[in-house]
Amino acid sequence: METSGTSANQCLRCKSAGPLLRIDPGLRLRIDETLPSENIPPEVCANCFKQITSLVSSGAKLMREQNAREQNKMNLWRNRVNILKHGRKLMTLKSYSDAAVAYEKYLRILEVVYDVKAGGLTPEHFKNSARTKEISVVASVYWDLVRIYDTTPRYGDRQKKSIEKLLSFLRLSPISSEIGRKARQFEPTAKNQAVIKDFIKRIDKKGGGCFIATATYQNVEVFEVRALCAFRDQVLANSAAGRFFIKSYYLFSPPVAELVDSSPRTQKLLKKIFRALAPWLNQKFDLHTPEDV
Ligand SMILES: [Zn+2]
């Protein structure tokens, strides 16, 4: 084989001249695994060879670490269910401080899984995924925390923080009116009554009760949901009959919403109805449907 001339012995990676070493198939395989974006020629100089083998071994180490982290996240995600159940059990046993510890642990797990700072979790983290149901779970956890932190004035700040979080999660959850109902039941015996009263006011404003529509779209930011909320707040709420209807609706709709939640066929049917109904209501009653409900 003709090996004269510098071009034959030029390293195609660093362009320097010198004896070349072949990348054997084993190394090639590890390069493809760990450095898929690198374009490594079949032969390289000794210097490049050394660089590549060290890159491959540190790349493999990184991959192992990343796999371990992912595995850890998967384990945490699975384990969260047990921690949640434990927290709820403690809640029924009235072991409030232990329940709070379990719930905070549950929230911490979600923060680790989604790589967010403490308190940085938002419902958007669960959007567009098979995990949207978790939004309601998180909301129910925050509601329990609101009750737990009500037990002593020392936790006033934590209670307020939990309320803010709760409201942000309820925006995208069909359990808004259910929490509203629970808050109304809780309010007469609450220690921080003013805080709970204010919470109820805000939950009503946020479109609590539109949950059949919310369950249909799994999202409150659609025009149909906003129009139905506006119809309730701007038309129904202004008459005695309308208010009676709203109250009855509160009674029968939680099981209906639950049904809709788990039935894509019902969702499809209701979407058809709402698509026709919403614009009609909007025009007929000249509704105000702002983007930011
Ligand atoms: Zn080289």
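Analysis parameters
- Residues numbered from 1 in each chain as written.
- Predicted model: local features only at pLDDT ≥ 70, side-chain atom pairs only at ≥ 80, totals over all residues.
- Heavy atoms only, no water.
- Donors = N, O, S within 2.8 Å, 3.2 Å for Na, K, Ca; no water.
- Tetrahedral: all angles 85-135°; square planar, octahedral: opposite > 155°, others 65-115°.
- Buried < 20%, exposed > 50% of the residue type's maximum accessible area, 1.4 Å probe, protein only.
- Helix = DSSP H or I, 4+ residues; strand = E, 2+ residues; numbered from the N terminus.
- Expected span 1.5 Å × (residues − 1).
- Lys, Arg positive; Asp, Glu negative; His and termini not counted.
- Salt bridge = Lys/Arg side-chain N within 4 Å of Asp/Glu carboxyl O.

Asker: Which parts of the structure should I look at to understand the coordination of the zinc ion?
Answerer: For a metal with four donors in a tetrahedral arrangement, the ideal angle between donors is 109.5 degrees, while six donors in an octahedron ideally sit at 90 or 180 degrees. On the protein side, the zinc ion has Cys11 (SG), Cys14 (SG), Cys45 (SG) and Cys48 (SG) as donor atoms, found 2.2 to 2.3 Å from it. Viewed at the metal, the four donor atoms of the zinc ion are separated by angles of 106 to 115°, and the geometry they form is tetrahedral. For the zinc ion, the donor residues sit on a single chain with the sequence spacing C-x2-C-x30-C-x2-C. Taken individually, Cys45 and Cys48 each receive the classification buried, so the pair is uniform in this respect.

Asker: Is there a simple way to explain helix α9 (residues 223–234) in this structure?
Answerer: When the terminal C-alpha atoms of α9 are compared, their 16 Å separation across 12 residues agrees well with the 16 Å that a helix rising 1.5 Å per residue should span. With respect to burial, α9 is a largely interior element, nine of its 12 residues being buried. Every buried residue of α9 is listed here: Glu224, Val225, Arg226, Ala227, Leu228, Cys229, Ala230, Phe231 and Arg232.

Asker: What am I meant to see in the side chain of Lys165 here?
Answerer: Among the structural elements, Lys165 can be located in helix α5 (residues 156–170). Of the side chains bearing the opposite charge, Glu111 lies closest to the buried Lys165, which forms no salt bridge; the N-O distance is 6.7 Å.

Asker: Is there a simple way to think about the pattern of salt bridges in this case?
Answerer: Close approach of charged atoms allows side chains of opposite charge to pair. Taken as a whole and assessed by the stated rule, the structure comprises seven salt bridges. Between Arg80 and Glu134 there is a salt bridge, with the nearest N and O atoms lying 2.8 Å from each other. Of this pair, Arg80 sits in helix α2 (residues 46–92) while Glu134 sits in helix α4 (residues 133–148), and the two are 54 residues apart along the sequence. Overall, Arg80 belongs to the buried group, its relative accessible area being 11%. The shortest N-O distance in the salt bridge between Glu164 and Arg202 comes to 2.8 Å. Taken together, the residues Glu164 in helix α5 and Arg202 in helix α7 (residues 193–205) connect sequence positions 38 residues apart. The class for Glu164 is partly exposed, based on a relative accessible area of 41%.

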